[in-house]
Amino acid sequence: MTVLNPGGRDPEQRFDTAPAPGEGAHPPTNFHAFAACTFGAFHFNPRRAIAEDTPVLLLLRSDFRTSERALIDLKKNHRTVVVSLKETGLHQIAQQLCDRAKLARFMKVVAEADGCIGTTPEAAEIYQRLRSTRKPATVAFIPTPYPVEDPRWNLSLPPSEQSGVFVGTREWDVPSRNHFAALLVARQLCNATDEPVTVVNLDGYKGRRLLDELKFPEEKLRLIEKWKPYRDYLSDVARHKIVLQLDRSHVPGQIAGDALLCRIPCVGGDGAVERIAFSKICGDYRTISEITSMALDLLKNADLRAAIVSESQERAVKRLSFEEVRSQLAKFFCQLPQD
């Protein structure tokens, strides 16, 4: 399969073989993972996507103009085209579709595509309602895959080398992320267990001042303040006992996927990957107090952490692995009408 992000900034990338950590311009995550798991390609130029002579997953981005033009060109060349919003959190969908012209363009593209893939159940439901006169088989929820079956992507560390809480959110100004509340829970866990807390702060001095106001215990707050290569970032995540967040954005769930590769529990979020792999500790229909209690138990109990990790890996292999998602994509495309 070819993934086309028309007018995007990510360079074109081929996935003729399964990539190892650190290989390639972009890691096989998010929509790049669909190209990687099918040994396909990721493009920003529609002509290169047409030249691949494969089915295309067309990403809808920006004001949707370039996506609309790309759909026209792809259909003229008899390509099977399914579409997906590039940003699929519920707050992101709302932000993109509050403009009348963009909404009209979005509805037109969704109606004229051969099908739609939602990387969250909520996004798939939106596409289904817009295509209510079409066959239900032309819309599918297919989660973003992770190479959990590839031993090269097992980035786990021994329990003796793990400590603390990694906070999985970083956006103070997005209400559904609940970043401030997650930091308060992390501080409570730190006070109760003496475990350190790691926070990603890409807001510089402003972010540090906000964190200073929370008054974490002395020398218990670690900051990551610059972008890192994906392999190095995963090494940082793997050093922790748990990932904690209170995100209620219904996103695909990359931080939960990162936790799967690091073999640590991801507690409290409601992303699609979390609901599949970490259903017993995700935040869906749970209060902050319940999540805090679960996180505290996990920090104190190595056997419980190991049991959650084992179960999450089993679920991921069955639902989220490259092999399984490749199978889901093949079945979905076979059900679509062919030109």
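Presented here is a report on the structure given in the accompanying data block. As the structure is a prediction and not an experimental result, all values here were calculated from the model. (Residues numbered from 1 in each chain as written. Predicted model: local features only at pLDDT ≥ 70, side-chain atom pairs only at ≥ 80, totals over all residues. Heavy atoms only, no water.)

## What to know about unusual backbone geometry
Step number 1: Unlike most non-glycine residues, Asn-178 shows phi in positive territory, near 55°.
Step number 2: Among the structural elements, Asn-178 can be located in the loop between strand S8 (165-167) and helix H7 (179-193).
Step number 3: Using a relative accessible area of 29% as the deciding quantity, one classes Asn-178 as partly exposed.
Step number 4: We note that His-250 has phi near 50°; this positive angle belongs to a residue other than glycine.
Step number 5: Counting through the fold element by element, His-250 comes out in the loop between strand S11 (242-244) and helix H10 (254-262). (Helix = DSSP H or I, 4+ residues; strand = E, 2+ residues; numbered from the N terminus. Buried < 20%, exposed > 50% of the residue type's maximum accessible area, 1.4 Å probe, protein only.)

## Observations regarding the environment of Phe-278
Step number 1: Note on placement: Phe-278 falls in the loop between helix H11 (272-277) and helix H12 (288-300).
Step number 2: Phe-278 sits in the buried class, given a relative accessible area of 1%.
Step number 3: A C-alpha to C-alpha distance of 38 Å links Phe-278 and Leu-74, two positions 204 residues apart in sequence.
Step number 4: Once residues lying within four places of it in the same chain are set aside, the contact partners of Phe-278 are Ala-256, Ala-259, Leu-260, Ile-264, Pro-265, Cys-266, Val-273, Ile-308 and Ser-312. (Contact = heavy atoms within 4.5 Å.)

## Digging into the pairing of strand S10 (residues 221-224)
Sheet faces and side chains relate simply in a regular strand, where the side chains alternate between the two faces.
Step number 1: As paired elements, strand S9 (residues 197-200) and S10 share 4 bridges and run parallel to each other. Along S10, the bridge assignment pairs Val-200 with Ile-224.
Step number 2: For the crossover from S9 across helix H8 (residues 204-214) to S10, the handedness is right-handed. (Pairing = 2+ DSSP bridges. Right-handed = clockwise from strand over helix to strand, strands pointing away.)

## Here we look at a nonpolar patch on the surface
Step number 1: On the surface, Leu-103, Met-107 and Leu-130 cluster together to form a nonpolar patch covering roughly 220 Å² of accessible area.
Step number 2: Topologically, Leu-130 is positioned in helix H6 (residues 121-130).
Step number 3: By relative accessible area, which is 30% here, Leu-130 ends up partly exposed. (Patch = residues over 30% accessible without salt bridge, like charges linked within 9 Å, V, L, I, M, F, W, Y side chains within 5 Å. Areas by Shrake-Rupley, 256 points an atom, 1.4 Å probe, with all protein chains shown as cover. Salt bridge = Lys/Arg side-chain N within 4 Å of Asp/Glu carboxyl O.)

## Quick notes on the pattern of salt bridges
Step number 1: Enumeration over the complete set of coordinates arrives at 21 salt bridges.
Step number 2: The salt bridge partner of Arg-275 is Glu-122, with a shortest N-O separation of 2.8 Å. Residue Arg-275 is found in helix H11, and its partner Glu-122 is found in helix H6; the two are separated by 153 residues along the sequence.
Step number 3: Note that Asp-236 and Lys-228 form a salt bridge whose closest N and O atoms lie 2.5 Å from each other.
Step number 4: Three or more residues are tied together by salt bridges with common partners; here these are Glu-68, Arg-105, Lys-108 and Glu-112.

## Re the sheet that holds S9
Step number 1: Spatially, 5 strands are ordered S10-S9-S8-S11-S12 in an open sheet, and the strand pairing comes out parallel. For this open sheet the edge positions go to S10 and strand S12 (266-267), each flanked by a neighbour on one side alone.
Step number 2: Sheet topology note: the S8/S9 ladder contains 2 bridges and is parallel. Considered in S9, the bridge of Phe-166 is made with Thr-198.

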